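Survey of secondary and tertiary structure
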Amino acid sequence: MELRMDARALEVFLKRDFGQVAADFAVERADQQGVRVRLKVAERHLRPGGTVSGPSMFALADVAMYLAILSRIGPVALAVTTNCAIDFMRKPSAGYDLMAEARLLKLGRALAVGDAMIVSEGHAEPVARASLTYSIPPTRG
């Protein structure tokens with residue numbers, strides 16, 4: 001399936017429709033393999049013990065998968081998460097941004113299924129892995 005939104009278009013969409021969180025994320029890549037999204041880790045993303053919180057990692061996986069879907073179907077603001085399972089594998093260090101590589105495994109008319117691998121910037125080992133399913137609203141017409 002062709003790419004309908006590139007990294008720049010995804011960032012513009014995020015800022016316009018999700019301005020409350022857009023400053024936390026940067027879309028670094030959008031191509032046929034998926035998207036790469038950065039969480040700009042700040043103090044508000046940390047939990048006691050100097051690590052990035054689980055909810056912050058969930059948000060990164062969720063935003064990355066949402067943008068991977070939009071890169072293929074275009075700007076559909078009402079696509080919603082219907083399921084997410086996340087495995088936290090390693091403690092991410094507070095001093096590094098997190099990167100999510102999200103890829104679509106199946107894109108249908110009503111559902112999209114994919115996964116997101118999260119790493120700390122500059123490190124090869126994943127800190128978390130998420131499997132996500134999204135509901136895509138029917139097109140009107």
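What counts, and at which threshold
Residues numbered from 1 in each chain as written. Predicted model: local features only at pLDDT ≥ 70, side-chain atom pairs only at ≥ 80, totals over all residues. Heavy atoms only, no water. Buried < 20%, exposed > 50% of the residue type's maximum accessible area, 1.4 Å probe, protein only. Helix = DSSP H or I, 4+ residues; strand = E, 2+ residues; numbered from the N terminus. Arc of directions from axis to C-beta. Contact = heavy atoms within 4.5 Å. Polar contact = N/O pair within 3.5 Å; in protein donor to acceptor, adjacent residues only side chain to side chain. Core = buried A, V, L, I, M, F, W, Y, C linked by side-chain atoms within 4.5 Å.

**Section: helix 1 (residues 7-17)**
Among the residues of helix 1, Ala7, Leu10, Glu11, Phe13 and Leu14 are the ones counted as buried. The buried residues of helix 1 occupy an angular sector of 160 degrees when the element is viewed end-on, so they sit on one face. Across from the buried face of helix 1, at angles greater than 90 degrees, the exposed residues are Arg8, Lys15 and Arg16. Where helix 1 is buried, its residues meet helix 2 (19-22), strand 1 (25-31), strand 2 (34-39) and helix 3 (54-73). Among the residues of helix 1, the N-terminal cap falls to Asp6, whose side-chain oxygen and the backbone nitrogen of Arg8 are separated by 3.2 Å.

**So, the nonpolar core**
Leu67, Leu98 and Ile118 are the most contacted members of the largest nonpolar core, which has 39 residues in total. Where this core is concerned, the elements lending two or more residues are helix 1, strand 1, strand 2, helix 3, strand 6 (98-107), strand 7 (111-120) and strand 8 (126-135). In terms of residue count, the dominant contributor to this core is helix 3 (twelve residues). For Ile118, the residues in contact, after removing those within four places along its chain, are Met57, Leu60, Ala61, Leu98, Met99, Ala100, Pro126, Val127 and Ala128.

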